[in-house]
Amino acid sequence: MAYVALYRKYRPQNLQEVVGQQAIKQALTNAFEQERIVHAYLFSGPRGTGKTSIAKIFAKTINCSMKENVAVACNECSNCVDINNGNSMDVFEIDAASNRGIDQIRDLRENVKYSPSSCKYKVYIIDEAHMLTGEAFNALLKTLEEPPAHVVFILATTEAHKIPITIQSRCQRYDFRKLSLPDLEGRISFVAKDSNIEIEKNAVSMIALQADGALRDALSLLEQASIVQHPITEDTLRLMLGNLHIEDLREFVRLIAQWNMPQSLILLNRLLEQGKEVGVIFQELLGYLRAMIIFKVAPTEASLQLTDTKEALADLAGLYTDSRLLELVDILGGALQEIRFAVKPVLSAELAVMKICRKVSLVEKVMIPNKELQVVAEKHVSRVLPEGNVEVKRNLKEVVVDKKNILQLLVEQLNKDSKRTVSACLSPGFATVHSCSQEHLTLVINKKFALSRICEEDYMGIIEQTLQKIYGQKIRFLAIDEAQASVEQGGTSVEELVPVDAETVQNLSNSVQQAHKMFGGTVNIVK
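A short tour of the structure in this document, coming up. Source: prediction; values computed, not measured. (Residues numbered from 1 in each chain as written. Predicted model: local features only at pLDDT ≥ 70, side-chain atom pairs only at ≥ 80, totals over all residues. Heavy atoms only, no water.)

### Considering the overall build of the protein
Working step 1: Looking only at helices and strands, the protein features 24 helices and 14 strands.
Working step 2: Contacts in the protein between residues far apart in sequence, at least 24 positions, make up 71% of those at least 6 positions apart.
Working step 3: Carbon and sulfur atoms make up 50% of the accessible area of the protein, which totals about 28,500 Å². (Helix = DSSP H or I, 4+ residues; strand = E, 2+ residues; numbered from the N terminus. Contact = heavy atoms within 4.5 Å. Areas by Shrake-Rupley, 256 points an atom, 1.4 Å probe, with all protein chains shown as cover.)

The following block contains the structure:
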């Protein structure tokens, strides 16, 4: 006898054998017992969740000639055997992906008129129904609305939103859900034991996780792994799936925590040389970071064991702050999205690794009631807000902003960039500098039409981008009229920092002394 794949061999033969989908099984069982069979059903849900299997069970149950229980097919009568073998003349399984045109639906409409040859009902199972063309749906519409009494339609689809609402309204709809991890693990263990396949418990959990709620995928992975190696181990699955070894994951996470850019890039390229996909590497890394975040919040979460041991997670999670972890997830998530559409995915991955391993020089600004003091930390620190009432600012580089020529430089650069409509609103007759610093520029615009244009979001964005291009850092831009300028009486002045000697620092508040001790550097009074 020819070899049969596991997912076909263990296909459920009645509703009781179906894994999960309790609500759907109960609803259909009640329909069988009450003999309330409608003319059309719509089964929607992810792949591998039992849509086609339940459709075939449905066809057997309503056509079984020897059943003792109206809700359970006997699987022994000629009708059941023919349906199981795919030989029934009254049960038609149609692949809508290859029979999607109006001609095939016209043939179907002609055939539904004839009575069943041996069964009570003719059952049409239309798989991947969303692939039908609009014309085919229109042709099916009338037949689906008022079919002959001996016909039942079952439409199965993974994308119910593509089914026209006119079709959906004529069907009784059942939404299938992804199978839970415990359900998948239980079925995998049962099939492995029944098939004499030795598999470790962690490997069972890993297959269930990889299957993502689809039992067919889980059984296919089990079958493939049993061919690769016996018994099946976690390392076997990682090798087969192209996933990272757990030691490589730990090393990657540790190198990122140490800001070790060279070694991180070396590790990335070593993994690529081993045949790992860039997307898989980042997905695995994201999964590990997710596990660390969950561990910090709920250390007893059972699903963590699928990623790594609790001891290893505790060791590595201690190297990160919560903010740092969230930042890494954000960066890697964006990089993963970019990699999918990048011309050179490896380059995008390397840039992402450089970004997450790059330290940033910061100015730690301590805000204290009734005083404005600034502690300048001239050292590299993580881009994480320290605990307490502390505001962090980047000190990218010292930039000299000259109030006398900033407007001239801005207009010249706008003209070079062919932004003449913007520069025209900033001409000397229209605009004057109200105030400026390394962080902001405020202009007084004396013409209403020019001010209204400058205050538009597009114009503001162009001006701030041009300022950043000139000075190499972001400078906030603001435009006001002459009335606002006179009310402010000179506006915002440039901050002046007056250094404080070591003896004076000792007389300041405890919070300032602690900040100075923590970050070092010079304490300045802002005037």
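Now that the structure is up, let's keep going.
### A look at the pattern of salt bridges
Working step 1: Taken as a whole and judged by the stated rule, the model has 15 salt bridges.
Working step 2: For Asp-217, the salt bridge goes to Arg-47, with nearest N and O atoms at 2.7 Å. Taken together, the residues span a long stretch of sequence, with Asp-217 in helix 10 (residues 215–228) and Arg-47 in the loop between strand 1 (40–44) and helix 3 (51–63) at a distance of 170 residues.
Working step 3: On the basis of relative accessibility, which here comes to 46%, the residue Arg-47 falls in the partly exposed class.
Working step 4: Between Lys-178 and Asp-212 there is a salt bridge, with the nearest N and O atoms lying 3.0 Å from each other. Of this pair, Lys-178 sits in the loop between strand 5 (172–175) and helix 8 (181–194) while Asp-212 sits in the loop between helix 9 (201–211) and helix 10, and the two are 34 residues apart along the sequence.
Working step 5: Taking relative accessible area as the criterion, Lys-178 reaches 47% and is therefore assigned partly exposed.
Working step 6: Since its relative accessible area comes to 44%, Asp-212 is described here as partly exposed.
Working step 7: Through salt bridges that share partners, Asp-248, Glu-251 and Arg-270 make up one connected network. (Salt bridge = Lys/Arg side-chain N within 4 Å of Asp/Glu carboxyl O. Buried < 20%, exposed > 50% of the residue type's maximum accessible area, 1.4 Å probe, protein only.)

### Some points on the sheet that holds strand 2 (residues 91–95)
Pairing between the strands of a sheet comes from backbone hydrogen bonds, and it takes one of two forms, parallel or antiparallel.
Working step 1: Pairing is parallel across the open sheet formed by five strands, whose spatial order is 2-3-4-1-5. This sheet does not close on itself; its edge strands, each paired only once, are strand 2 and strand 5. Between one strand axis and the next, the sheet turns through 15 degrees on average, direction left out of account.
Working step 2: Of the pairings in the sheet, the one linking strand 1 to strand 4 (residues 151–157) comprises five bridges and is parallel in character. Residue pairing for strand 4: Ala-40 is matched across the bridge by Phe-153. (Pairing = 2+ DSSP bridges. Axes fitted to C-alpha atoms, helices over the stretch in contact; angles between N-to-C directions.)

So, to be careful, I would describe these as geometric facts and stop short of saying anything about function.
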